[in-house]
Amino acid sequence: APFTGNNDLTGATPDFGGDDTTCGNGWSGAWYSFTGDGKAYMLSLNTVVTDYYFQCEINIFRGSCDELTCVSTFLGSGSNAAVSSDPLLTTSGVKYWVHIAANVVSYDSLPFQISLVQVE
């Protein structure tokens, strides 16, 4: 399940309606998913914007798209924000959804790198 990817928030629109979210702030974002295998993982998010202060977050859900359950949320801020999750012990066969989001108003995109690494 480990992965690393580079992406940005080009074209991202709000993913949740107003205060409908139970995980995070409901900001625009990008989605990733992986299936648990009974091992523990940490997620990390690193951004590469240096001239604008903003907040970013990692929201972790489990379940199906139409019935997501919030597992946890982690917030970072700054002009080059980075945020990491606590270790997440996954359940084998359960699908996890990772929502990467930011309150970026002055950028059409927010370049970032996301990593999922196994922890002992």
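Scroll up to find the structure this text is about.
To start, this report covers the structure provided alongside it. (Residues numbered from 1 in each chain as written. Predicted model: local features only at pLDDT ≥ 70, side-chain atom pairs only at ≥ 80, totals over all residues. Heavy atoms only, no water.)

Here we take up the overall build of the protein. If you tally the helices and strands in the protein, you get 0 helices and 9 strands. The secondary structure elements of the protein, listed N-terminal to C-terminal, are β-β-β-β-β-β-β-β-β. Per-residue burial for the protein yields a buried fraction of 42% across its 120 residues. Restricting the contact set of the protein to residue pairs at least 6 apart, pairs at least 24 apart contribute 77%. With an accessible surface of roughly 6200 Å², the protein has 47% of that area assigned to carbon and sulfur atoms. (Helix = DSSP H or I, 4+ residues; strand = E, 2+ residues; numbered from the N terminus. Buried < 20%, exposed > 50% of the residue type's maximum accessible area, 1.4 Å probe, protein only. Contact = heavy atoms within 4.5 Å. Areas by Shrake-Rupley, 256 points an atom, 1.4 Å probe, with all protein chains shown as cover.)

Let's shift gears to the environment of Gly38. Assignment of secondary structure puts Gly38 in the loop between β2 (29-35) and β3 (40-47). As for Gly38 and Thr91, which are separated by 53 residues in sequence, their C-alpha atoms are 4.7 Å apart. Leaving out residues up to four positions away in the same chain, Gly38 has contacts with Leu89, Thr90, Thr91 and Ser92.

Examined against the element boundaries, Ile100 turns out to sit in strand β8 (residues 95-102). Of the residues examined, Ile100 reaches a relative accessible area of 2% and is grouped as buried. With 71 residues separating them along the chain, Ile100 and Gly29 place their C-alpha atoms 5.2 Å apart.

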